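Coordinates in review
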Amino acid sequence: MTFPYLDIIIRSVAVYFFMTIALRIFGKKELSQLNTADVILILLISNSVQNAMVGPDTSLTGGLIAALVLFVINFIIKKLTRKYKTLSNILLDKPEVLIHDGKLDFKALSRLDISDEELKEAMREHGIEFFKNVKLAMLEIDGTISIISEDQNQLKQTHYKRRHNRKNLQKF
């Protein structure tokens, strides 16, 4: 006797990995980086893959099993990425150096699509006027830009999220 919902479990796992890989390939680190078009795309994709997960079973039980599988697989992946560095390196992004000792990393800025105006805005919010006064600026894995100044007395801490619209940084 086979488990009646095994097909839903297998389909849900396949869709989960497809979506994880697709988001990784298309460069979205966090949901906070999604613009309106990205959110619409995600909603439409979720609707389009819903049948791929549950197949002909459109019952409440089938839907709940698919959702449960997604939660479980996400939980397992988080645990595994914390335990295994290799898996973490494959699935998770790394912080990126944007400025080191006052020198901008133009290759990283270009690859990450961060303008000097974005950096200047983050620096102003940190109370820093010139690039030369930045000891280290990092794009963190959660999408925030962290800045450490040359001024050791500066204790101000602020957090920013990158956005893909006109207002690229948001103070939190």
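Computed from a predicted model, the values in this text were never measured in an experiment.

Remarks on the confidence of the model for the chain
Summary statistics for the chain give a mean pLDDT of 77 and a share of 80% for residues scoring 70 or more. Within the model, pLDDT remains below 50 along residues 164-172, and this stretch shows 25 contacts once partners closer than five positions in the same chain are excluded.

As for the pairing of strand E1 (residues 96-100)
In this sheet, strand E3 (residues 134-139) lies alongside E1 in antiparallel orientation, the contact comprising four bridges. Looking across to E3, one finds that glutamate 96 is bridged to leucine 139. Relative to strand E2 (residues 103-104), E1 runs antiparallel, the two being bridged by two bridges. Looking at the pairing, isoleucine 99 lines up with leucine 104 of E2.

A short note on the pattern of salt bridges
The final tally for this structure, using the stated rule, is three salt bridges. Residue aspartate 7 pairs with arginine 11 through a salt bridge whose shortest N-O separation is 2.8 Å. Residue aspartate 7 and its partner arginine 11 are located together in helix H1 (residues 6-25), separated by four residues, close to a single helical turn. The exposure class assigned to arginine 11 is partly exposed, which follows from its relative accessible area of 29%. The partner of lysine 120 in a salt bridge is glutamate 117, with the nearest N and O atoms 3.5 Å apart. One end of the pair is lysine 120 and the other is glutamate 117, both in helix H6 (residues 116-125) and three residues apart, which spans about a single turn. Note on lysine 120: relative accessible area 28%, which makes it partly exposed. Overall, glutamate 117 belongs to the partly exposed group, its relative accessible area being 45%.

Here's the deal with H1
Between its first and last C-alpha atoms H1 spans 29 Å; for 20 residues at 1.5 Å apiece the expected length is 28 Å, and the two agree. Of all the positions in H1, only Ile8, Ser12, Val15, Tyr16, Met19 and Ala22 are classed as buried. Taken down its axis, H1 places every buried residue within 140 degrees of arc, on the same side. Exposed and facing more than 90 degrees away from the buried side of H1 are Ile10, Phe18 and Ile25. Of the surrounding elements, those touching the buried residues of H1 are helix H2 (36-54) and helix H3 (60-83).

Remarks on the sheet that holds E3
Strand order in this open sheet of four strands is E2-E1-E3-E4, and the pairing throughout is antiparallel. Since the sheet does not close on itself, it has two edges, and those belong to E2 and strand E4 (145-149), each with one partner. Pairing of E3 with E4 involves five bridges; the strand directions are antiparallel. In the strand pairing of E4, alanine 137 is matched with isoleucine 147.

Digging into the environment of leucine 104
By secondary structure assignment, the location of leucine 104 is in strand E2. By relative accessible area, leucine 104 is classed as buried at 17%. For leucine 104 and aspartate 116, which are 12 residues apart along the polypeptide, the C-alpha to C-alpha distance reads 9.0 Å. Setting aside its immediate chain neighbours within four residues, leucine 104 contacts Leu98, Ile99, Leu109, Leu119 and Phe131.

What counts and how
Residues numbered from 1 in each chain as written. Predicted model: local features only at pLDDT ≥ 70, side-chain atom pairs only at ≥ 80, totals over all residues. Heavy atoms only, no water. pLDDT = per-residue confidence, 0-100. Contact = heavy atoms within 4.5 Å. Pairing = 2+ DSSP bridges. Helix = DSSP H or I, 4+ residues; strand = E, 2+ residues; numbered from the N terminus. Salt bridge = Lys/Arg side-chain N within 4 Å of Asp/Glu carboxyl O. Buried < 20%, exposed > 50% of the residue type's maximum accessible area, 1.4 Å probe, protein only. Expected span 1.5 Å × (residues − 1). Arc of directions from axis to C-beta.

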